Structure formats: structure tokens, C-alpha cells
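Residue-level structural notes
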Amino acid sequence: MENTAIELSEKGKKAFGEGDFKSAVHIFSEIAEAYLAEENFLDAAEAKNNLSVALLQAGKAKESLEAAKETDLIFEEADDKLRQAMALGNQAAALGELGDKQEAIDLYQKSARLFSEIGEKDYEETVLKSIAAIELSRGKFEDTAFTMLQAQGAVENPNIFQRFLRFLLGLITK
């Protein structure tokens with residue numbers, strides 16, 4: 001199964017990259033089922049997260065959430081904080097699309113903390129910006145500014161624009 005799964009995974013990623021989300025959904029679903037049949041839960045969780053992202057892109061947020069649900073626990077048990085944080089982010093993205101903004105923020109915050117713990121600053125910044133977007137959509141401007149300031153703090157080597165933005169956001173939050 002391993003070679004076949006790797007080949008299928010590459011096919012799924014290619015379909016996804018080409019915007020063929022329907023094919024990507026089918027392929028990632030097939031991979032997840034095969035891994036589950038083998039009781040290879042870690043690789044099944046990875047496939048389910050790929051499936052979740054493809055489903056979300058295909059406009060199927062409810063199915064996306066279902067695919068990623070509890071995969072973070074499998075990664076946590078394996079002490080794989082990177083994939084745990086990504087799984088939480090996938091769940092948060094689906095919840096956000098479904099309109100459950102507060103639960104999305106809560107999961108994004110867990111994801112950001114994990115990314116911070118393992119030094120994945122780019123991912124942390126992306127997740128914090130997702131939180132800020134939700135806060136902005138809810139009209140919480142001060143929270144948005146604070147979260148964007150946190151996101152800018154995750155940038156290791158800020159450029160001139162990012163330093164200026166940090167300065168402006170600092171003024172807003174004071």
C-alpha cells in the first residue's frame with residue numbers, strides 16, 4: 001500500500017494544485033480509507049486533513065470539518081505538534097466557513113500556540129491573521145489590531161512595511 005498511497009497522494013496534490021477539487025476529494029478519501037483498513041491511524045489522519053482542505057476548497061465546509069475532526073488528537077498522541085497544529089487550523093477554517101466564529105477562533109488560538117512552541121513562525125503568523133480576519137468581520141477592531149500586532153510579532157525579520165505596521169498597530173492598542 002505504501003508506494004500506492006504515495007503515488008495516490010501525489011496525484012491528489014496535483015489535482016488539488018490544478019483546482020480539480022472533486023478529484024482531490026475522491027483521491028484523498030480513498031487514501032484515508034485504505035490507511036484506516038490497515039489500522040495506520042497516523043497516515044489516515046494525514047490523508048483526512050488533506051481531504052478536509054480539498055473539501056473546504058470544494059465548498060463543502062460541513063464535510064471538511066467532519067474529515068478533520070479529532071485528527072489533532074491522533075497527532076497529539078504521536079507528539080507531532082506540527083501536524084496537530086495544522087489539523088486544528090483545518091478544523092478552525094471549516095468552523096469559520098460554517099459561521100461558528102468563536103469556536104474557530106478558539107481552535108486557531110490553540111493552533112497558533114503550537115506553531116509558536118515549535119518555532120513555526122510563518123504558520124503562526126498565517127493563523128493569527130486568520131483570527132484577525134474573523135475578529136474584523138465581527139466588528140471587533142481593537143481585538144483585530146491586537147491580533148495583527150501578535151501576527152507581526154511572529155515575523156522574524158520584518159521588512160520596512162511590517163515594522164511600520166507594527167508601529168501603527170502598537171498605537172491603536174495603547
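First, a word on scope: everything that follows refers to the structure included in this document. (Residues numbered from 1 in each chain as written. Predicted model: local features only at pLDDT ≥ 70, side-chain atom pairs only at ≥ 80, totals over all residues. Heavy atoms only, no water.)

Quick look at helix α4 (residues 61-68) now. All of the buried residues in α4 are Ala61, Ser64, Leu65, Ala67 and Ala68. Angular distribution of buried residues about the axis of α4 spans 160°; they occupy a single face of the element. Opposite the buried face of α4, by more than 90 degrees, sit the exposed residues Lys62 and Glu66. Where α4 is buried, its residues meet α3 (41-57), α5 (71-77) and α6 (81-98). (Buried < 20%, exposed > 50% of the residue type's maximum accessible area, 1.4 Å probe, protein only. Helix = DSSP H or I, 4+ residues; strand = E, 2+ residues; numbered from the N terminus. Arc of directions from axis to C-beta. Contact = heavy atoms within 4.5 Å.)

With that settled, the discussion passes to the environment of Lys81. Its place among the elements puts Lys81 in helix α6. Taking relative accessible area as the criterion, Lys81 reaches 31% and is therefore assigned partly exposed. In the structure, Lys81 is positioned 33 residues away from Leu114 in sequence and 6.3 Å away in space, judged by C-alpha atoms. Beyond its immediate chain neighbours, meaning those up to four positions away, Lys81 contacts Leu114, Glu117 and Ile118. Here the side chain of Lys81 touches Glu117 through a polar contact of 2.9 Å, side chain to side chain. (Polar contact = N/O pair within 3.5 Å; in protein donor to acceptor, adjacent residues only side chain to side chain.)

What follows covers the pattern of salt bridges. Taken as a whole and assessed by the stated rule, the structure comprises seven salt bridges. Among the ionic pairs, Glu46 bridges to Arg83, the shortest N-O distance being 3.1 Å. With Glu46 in helix α3 and Arg83 in helix α6, this pair connects stretches of sequence that are 37 residues apart. Residue Glu46 is classed as partly exposed on the basis of its relative accessible area, which comes to 28%. Where Arg83 meets Asp80, a salt bridge forms, and the shortest distance between an N and an O atom there is 2.6 Å. Each of Glu46, Asp80 and Arg83 takes part in one network of salt bridges that share partners. (Salt bridge = Lys/Arg side-chain N within 4 Å of Asp/Glu carboxyl O.)

Right, let's get into the environment of Glu63. Within the secondary structure, Glu63 sits in helix α4. Distance from Glu63 to Ser52, taken between C-alpha atoms, is 7.4 Å for residues 11 residues apart in sequence.

Before going further, it helps to spend a moment on the environment of Asp72. Among the structural elements, Asp72 can be located in helix α5. Classification of Asp72 as buried rests on a relative accessible area of 11%. The spatial distance from the C-alpha of Asp72 to the C-alpha of Leu82 is 9.9 Å, given a sequence separation of 10 residues. Not counting residues within four places of it along the chain, the set of residues in contact with Asp72 comprises Gln84, Ala87, Leu88 and Gln91.

Right, let's talk about α6 for a bit. The periodicity of an α-helix, 3.6 residues per turn, causes residues three or four positions apart to be oriented the same way. Taking 1.5 Å of rise per residue, 18 residues should cover 26 Å, and α6 covers 26 Å from first to last C-alpha, within 8% of that figure. Those residues of α6 not exposed but buried are Arg83, Gln84, Ala85, Ala87, Leu88, Gly89, Asn90, Gln91, Ala92, Ala94, Leu95 and Gly96. Where the residues of α6 are buried, they touch α3, α4, α5 and α7 (101-117). Trailing α6 by a residue or two, Gly99 shows a phi angle of about 95°, which is positive. (Expected span 1.5 Å × (residues − 1).)

Let's shift gears to unusual backbone geometry. Within the chain, Glu39 stands out as a residue other than glycine whose phi angle is a positive 60°. Within the fold, Glu39 resides in the loop between α2 (21-37) and α3. Positive phi outside glycine occurs at Asp79, with the angle close to 55°. One can find Asp79 in the loop between α5 and α6.

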